Every structure is written in C-alpha cells, then in structure tokens.
Amino acid sequence: KLETSSVLITIDAKSINTRIERRDTHLKSNDFFATDSFPTITFKSTIVNRLGDDRVNITGELTIRGKTKLITIPSRLVFFDAERDAGRVKGETTILRTDFGVDYQPPVNKINPEIRLQFDIAFVAKK
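A quick note: this is a predicted structure, and the numbers were derived from the prediction, not measured.

Caption draft 1: Broad picture of the sheet that holds strand S2 (residues 40-50). Pairing is antiparallel across the open sheet formed by six strands, whose spatial order is S1-S2-S3-S4-S5-S6. Looking at which strands have only one partner, the edges of the open sheet turn out to be strand S1 (8-12) and strand S6 (114-124). When strand polarity is set aside, the average angle formed by the axes of neighbouring strands in this sheet is 25°. Strand direction decides the pairing type here: S1 and S2, joined by five bridges, are antiparallel. Note that in S2 the partner of threonine 10 across the bridge is threonine 42.

Take a look at the structure:
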C-alpha cells in the first residue's frame, strides 16, 4: 500500500560532483552547502498520497544547511509489481535555494534561486 509507505533520502553533501573541481569546492563552501557544518541533505516523507493509478504526491521534510521545510513532490509510479510488493517511483519539484540559506549571489553571472529536485527510486516492501 503506497499510502502507508515512507521515503527517506539521505545525500552526502560532500559528494557534490559537477566534474569541475573548482566549482565543486565552491559549492561545498559556506557560500553554498557548508558541507563541513552540514554534511547531509535529507528528505523524510510524512504523507504519501495516491492520486490515481500512477500518480502520487509525496510530502515531507527537506533539510538543507540545517533548515527544514515541508515540501510536496509530485511523483509518478513507473511500475508496481503487487506480487513482489516492489516498484519504482520518479518525482520532481522546484524549490527556492534561498529558503534553505543557500543565498550566495555573485556580483556578475547571477545564479537562479530556483533549484529543480529529481529522484528515481526503486522500492521493495519490508517483510
């Protein structure tokens, strides 16, 4: 039952990898994610709301830089195998990085405050 399920995503903030070392170092600094002080980014669901055969909203607490906000992520059930209680769900939403204290803005080459979050999760029910 999707409605009784939960999602917990933990990201090692130091794992940032844009393939440009100088940019990665800056993203890990206090200007952005402050990974020495806040080593993880987490999302913990509070409600999984089935909207239709393949649509769900996953609402939960997103924590970045120690700031927690309740967000809802519109998601799609890619497949579900009822016999195995297994499946896959993909979700995507947009947040404002400034809501989480990630508000660095250089004097030139402005950075968009909107950040697109995406996930693709395979799951199996606990037995």
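Caption draft 2: Representation of the environment of leucine 51 within the structure. By secondary structure assignment, the location of leucine 51 is in the loop between S2 and strand S3 (55-64). For the pair leucine 51 and glutamate 21, spaced 30 residues apart in sequence, the C-alpha to C-alpha distance is 42 Å. Ignoring sequence-local partners within four residues, the contact set of leucine 51 consists of Val56 and Asn57.

Conventions used here
- Residues numbered from 1 in each chain as written.
- Predicted model: local features only at pLDDT ≥ 70, side-chain atom pairs only at ≥ 80, totals over all residues.
- Heavy atoms only, no water.
- Pairing = 2+ DSSP bridges.
- Helix = DSSP H or I, 4+ residues; strand = E, 2+ residues; numbered from the N terminus.
- Axes fitted to C-alpha atoms, helices over the stretch in contact; angles between N-to-C directions.
- Contact = heavy atoms within 4.5 Å.

Honestly, that's just the spatial picture; any functional story needs more than this.
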